[in-house]
Structures are given as C-alpha cells and as structure tokens.
Amino acid sequence: MSWTQDQSSFDHIAGVSLIAGNGGMPAVRVSRGALKGELYLHGGHVTSWKPPHAEEVLFLSEHAVWNYTKAIRGGVPICFPWFGPKSDQPAAPQHGFARTREWTLERITEEAGGVRIDVSDRSDERSREFWRFDYALTHRVAFGDTLKMELVVQNAGKEPFLFEEAQHSYFRIGNVQEVAIDELHNRYFLDKTDGKTKKQHGKITLQGETDRIYFDTADNISIIDTVLRRCITISRKNSRSAVIWNPWIEKARALSDLGNDEWQKMVCIETCNIRNKVVRLSPGESHVMGTEISVKSI
Ligand code: BG6
C-alpha cells in the first residue's frame, strides 16, 4: 500500500477515510452526508460517485475482479500510454498498463464544497518493459456536486514521446435501449464492430453491440436517460476523440467480470486522445485532459 500522506494530515477533512476496500485493496472513501465517492489506488481508479442530489452515477460490475492482476470493470479506468492493443507488441496489456498499476496517494484537500484527491504514478522498471519512456501521471479527482477528473501526463525523461489516453467512464443507466446520446449526431465515427468503417448517424441510440471512435467530437456529450429520468452531461477538456462502447449480449457473455445482463445497465462514454489524435510531449512538458460530469433530473 502506498500512501505518501499520513492519515493525520487530513484528519481535519470531514468525511474522508482510507479504507481496505474490496479484496482488501487500498481505497479512499468520501462520505459527507448525501455525497459519496470512492477511488482505488489500483489504477488510480474512481469506482463510485453519488452527488448529494442524485443516485449513483457510475456503473460498477457486480462481477468485477478485486485483485491486483486485472482492471476493475466499471467506474473510470485510465488507459495509458496506448489504447486498445499495442500495435507493435500484441502481448502487451490491452489499453496500456496504467489501469493495473498501484498508484500513490499524493494529497487530499477541500475543494469548493467537496473533496479533491490527487493520486500519481511514475515510470519504473516494470513500465519500461512495455514502454521505454519516463513519465509522471497525476489523476486529480474532485468529488462534489460534479465529479471532476483531470489526468495530467508529464514527460519526465530526456526524449519526446507520443501517447494515447482515455478516461474510460462507465455510466449507470436505466436501460441501454432507452437512452439517447446527445451532441454527437451527424459526426463521423469509425465503427469497430464493422471493420472500422467510417460512418455518420443522426440521433444516437444504441440498438446492438456498439464500439465507436469519434474524431470530430463535441466538448459536451449528454446521456438522456428517460428510465432513470435524468440527464448526465460529460464536459471534456483537451480531448479530441471520444469512444462509445457497449458489449451487448454475446460480448458481455464472453467477459467473465461482467454479469450476463449487466450490459443493459451501462454505457461507456470515454474522454480520450487516441489513434490520429495521439499527444506528443517534449521533455519536461505536461498535458492535461479532463472530464467533468454533472447530473440533472428530467
Ligand atoms: C473500449 C474499446 O474502449 O473498451 C472496446 O473500444 C473494448 O473495443 C472495451 O472491448 C473494453 O475493453 P477491456 O479491455 O476493458 O475489456
């Protein structure tokens, strides 16, 4: 377990505790009246956010695996430094290694009616087995009326590098066949379920397996959920691509860490910079990509 901050240094911050979470894995729990949140050091991974005025917003699989070998299925996994399979090394972990590394708790502070938790991860011998560059990652997560997450990537080495990144958010919804995704209509995407064919659609609803990469994206994307009677808005910063994913029936059955029917209650809308939107950083430079999630009743 890697805490750089002694619990006593944030004892004055009400409603925050360091816990042994599922599988005994270290996590930070926020519980302040009706505001709840949880972040695991495994992957620097947010697994829960319940704003004061609404029910849980993030989907978390009942079959998620709580050990150090696998990414947690649900919440907000972080994909870095590549997305999907690594093109020149098929045996390397899918979506990069950041989501299965043990991050360090840097600090916990009060922020605008909520709590901000900063966690970090730095390159080491194990990361260099797959990617030779030196990096420093920080995930700044503020739980409050909104959930604000900023992923800071710094080039801590002596040569430039290119990377891909994603905040792979899983949203909890009433029924995937009843939601509409707003603000992406008529924009081009690559359909990964159809040989990466370039397509365009008007109103976006999900009626089958969905795995799309949008390159011409909007800053704000909304999920209109008429079953849970709420609208989730995802405001994105410095993100030039987006992914929409739902495995549907067959693919869900093939995922051992997702229940057979759970695909109906989730949709992933991912803030990312991937494929032709990779980011280049020179030594010493940093890049910040952010997602801010808000919810309102409809
Ligand atoms: C999405 C990808 O981002 O993540 C999909 O576009 C992939 O192709 C999905 O299946 C889940 O990936 P994983 O590695 O978490 O099972």
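All values reported here derive from a predicted model rather than from experimental measurement.

Visitor: What is the right way to read the pairing of strand 20 (residues 266-273) from this model?
Guide: In summary, the side chains of a regular strand alternate between the two faces of the sheet. Among the 8 residues of strand 20, 8 are classified as buried, and the element is accordingly described as predominantly covered. Of the two faces of strand 20, the one carrying Met 266, Cys 268, Glu 270 and Cys 272 and the one carrying Val 267, Ile 269, Thr 271 and Asn 273 are both buried. Pairing geometry for strand 11 (residues 165-172) and strand 20, over 8 bridges, is antiparallel. Within the sheet, the bridge partner assigned to Arg 172 lies in strand 20 and is Met 266. As judged from the 5 bridges shared by strand 19 (residues 241-246) and strand 20, these two strands associate in the antiparallel manner. By the bridge assignment for strand 20, Ile 244 is matched with Ile 269.

Visitor: What exactly am I supposed to notice about the side chain of Arg 212 here?
Guide: Among the structural elements, Arg 212 can be located in strand 16 (residues 210-214). Look at Arg 212: it is buried, it has no salt bridge, and the nearest opposite charge is Asp 191 at 5.5 Å. Within the structure, Arg 212 has its side chain in polar contact with the side chain of Tyr 214 (distance 3.0 Å). Residues in contact with Arg 212, not counting those within four places in the same chain, are Phe 189, Leu 190, His 201, Ile 204, Ala 242, Val 243 and Ile 244.

Visitor: I tried to follow the nonpolar core on my own but got confused; where do I start?
Guide: Soluble globular proteins: nonpolar side chains tend toward being buried together. Of all hydrophobic cores here, the largest spans 77 residues; its most connected members are Ile 117, Phe 171 and Ile 223. Setting aside chain neighbours within four positions, we find Phe 171 in contact with Val 57, Leu 58, Phe 59, Ile 223, Ile 232, Ile 234, Lys 265, Met 266, Val 267, Ile 269 and Ile 293. In this structure, Met 25, Ala 27, Tyr 40 and Ala 64 belong to the second largest nonpolar core, which totals 7 residues.

Visitor: What am I meant to see in the site of the ligand here?
Guide: Around the ligand sit Arg 73, Phe 83, Gln 94, His 95, Arg 99, His 168, Lys 192, Asp 211, Val 243, Trp 245 and Glu 270, and those are all the residues in its vicinity. In the environment of the ligand, an oxygen atom lies 3.1 Å from a nitrogen or oxygen atom belonging to the side chain of Gln 94. Across the complex, the protein chains shield 84% of the 390 Å² of accessible surface that the ligand would expose by itself. Of the residues assigned to the shell around the ligand, the class counts are 3 nonpolar, 3 polar and 5 charged.

What counts, and where the lines are drawn
- Residues numbered from 1 in each chain as written.
- Predicted model: local features only at pLDDT ≥ 70, side-chain atom pairs only at ≥ 80, totals over all residues.
- Heavy atoms only, no water.
- Buried < 20%, exposed > 50% of the residue type's maximum accessible area, 1.4 Å probe, protein only.
- Helix = DSSP H or I, 4+ residues; strand = E, 2+ residues; numbered from the N terminus.
- Pairing = 2+ DSSP bridges.
- Lys, Arg positive; Asp, Glu negative; His and termini not counted.
- Salt bridge = Lys/Arg side-chain N within 4 Å of Asp/Glu carboxyl O.
- Polar contact = N/O pair within 3.5 Å; in protein donor to acceptor, adjacent residues only side chain to side chain.
- Contact = heavy atoms within 4.5 Å.
- Core = buried A, V, L, I, M, F, W, Y, C linked by side-chain atoms within 4.5 Å.
- Near = heavy atom within 4 Å.
- Areas by Shrake-Rupley, 256 points an atom, 1.4 Å probe, with all protein chains shown as cover.
- Nonpolar A, V, L, I, M, F, W, Y, C, P; charged D, E, K, R; others polar.

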